[in-house]
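Reading the structure
Residue-level listing of the chains:
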Amino acid sequence: MSDSCYARLNLAVKLGNCSKVEQRLVTRFLWAGSVSGSQTHQRMCAQYGDIALLCRVIYKWIKKFENEEQTKDMILED
């Protein structure tokens, strides 16, 4: 994502170091707030850059959240 995208989103700082677990938890939080998968992916890319979860992975997790298939252990495994 280019620097102009970061400026457009008015982000204070890019987060370049995070785990998949952290991103999964952010995905769940945004899903609970009725944020769409594509908007979640945009936000993740803006914050995490090249290490953001792929869009298809975000949609996979949203589907699990919707179907209540996830467990605490699944969400927290890296």
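Residues numbered from 1 in each chain as written. Predicted model: local features only at pLDDT ≥ 70, side-chain atom pairs only at ≥ 80, totals over all residues. Heavy atoms only, no water.

Looking at an unreviewed UniProt entry, one finds the protein named Mos1 transposase HTH domain-containing protein and attributed to Periplaneta americana.

Some points on the overall build of the protein
Secondary structure summary: the protein contains five helices and zero strands in total. What you see in the protein, going N to C, is helices and strands ordered as α-α-α-α-α. Counting every position in the protein, which comprises 78 residues, the buried fraction comes to 31%. Within the protein, contacts between residues separated by at least 24 positions form 64% of all contacts whose residues are at least 6 apart in sequence. (Helix = DSSP H or I, 4+ residues; strand = E, 2+ residues; numbered from the N terminus. Buried < 20%, exposed > 50% of the residue type's maximum accessible area, 1.4 Å probe, protein only. Contact = heavy atoms within 4.5 Å.)

Digging into the confidence of the model for the protein
On average, residues of the protein score 80 in pLDDT, and 68% of them are at 70 or above. When mean pLDDT is taken per element in the protein, helix 4 (residues 55-66) scores highest with 93 and helix 1 (residues 3-8) scores lowest with 46. Within the model, pLDDT remains below 50 along residues 1-8, and this stretch shows ten contacts once partners closer than five positions in the same chain are excluded. (pLDDT = per-residue confidence, 0-100.)

Points about helix 4
The terminal C-alpha atoms of helix 4 lie 16 Å apart, and with twelve residues this matches the ideal 16 Å at 1.5 Å per residue to within 8%. Listed in full, the buried residues belonging to helix 4 are Ile 58, Trp 61, Ile 62 and Phe 65. End-on view of helix 4: buried residues confined to an arc of 105 degrees, all on one side of the axis. Helix 4 presents Arg 56 and Lys 63 as exposed residues on the side facing more than 90 degrees away from its buried surface. Taken from the residues just after helix 4, Glu 68 is the one with a positive phi, measuring 55 degrees. (Expected span 1.5 Å × (residues − 1). Arc of directions from axis to C-beta.)

A closer look at helix 2 (residues 20-32)
For helix 2, built from 13 residues, the straight-helix expectation of 18 Å at 1.5 Å per residue is met to within 8% by its first-to-last C-alpha distance of 18 Å. Three or more residues of helix 2 are buried, namely Val 21, Gln 23, Arg 24, Thr 27 and Leu 30. The positive-phi residue at the C-terminal boundary of helix 2 is Ser 34, with phi of around 65 degrees.

Some points on the packing of helix 2 against helix 3 (residues 37-48)
Running from amino to carboxyl end, helix 2 crosses helix 3 at an angle of 140 degrees, the nearest separation of the two axes being 11 Å. If you check the angle between helix 2 and helix 3, you find them oblique. Two packed elements cross with a definite hand, and for helix 2 against helix 3 that hand is right-handed. Facing helix 2, whose interface residues are Glu 22, Gln 23, Val 26, Thr 27 and Leu 30, helix 3 presents Thr 40, Arg 43, Met 44 and Tyr 48. Here the contact of helix 2 with helix 3 is built from residues that sort into four nonpolar, three polar and two charged. (Axes fitted to C-alpha atoms, helices over the stretch in contact; angles between N-to-C directions. Parallel < 35°, antiparallel > 145°, perpendicular 65-115°, else oblique. Left-handed = near helix turned anticlockwise from the far one by under 90°. Nonpolar A, V, L, I, M, F, W, Y, C, P; charged D, E, K, R; others polar.)

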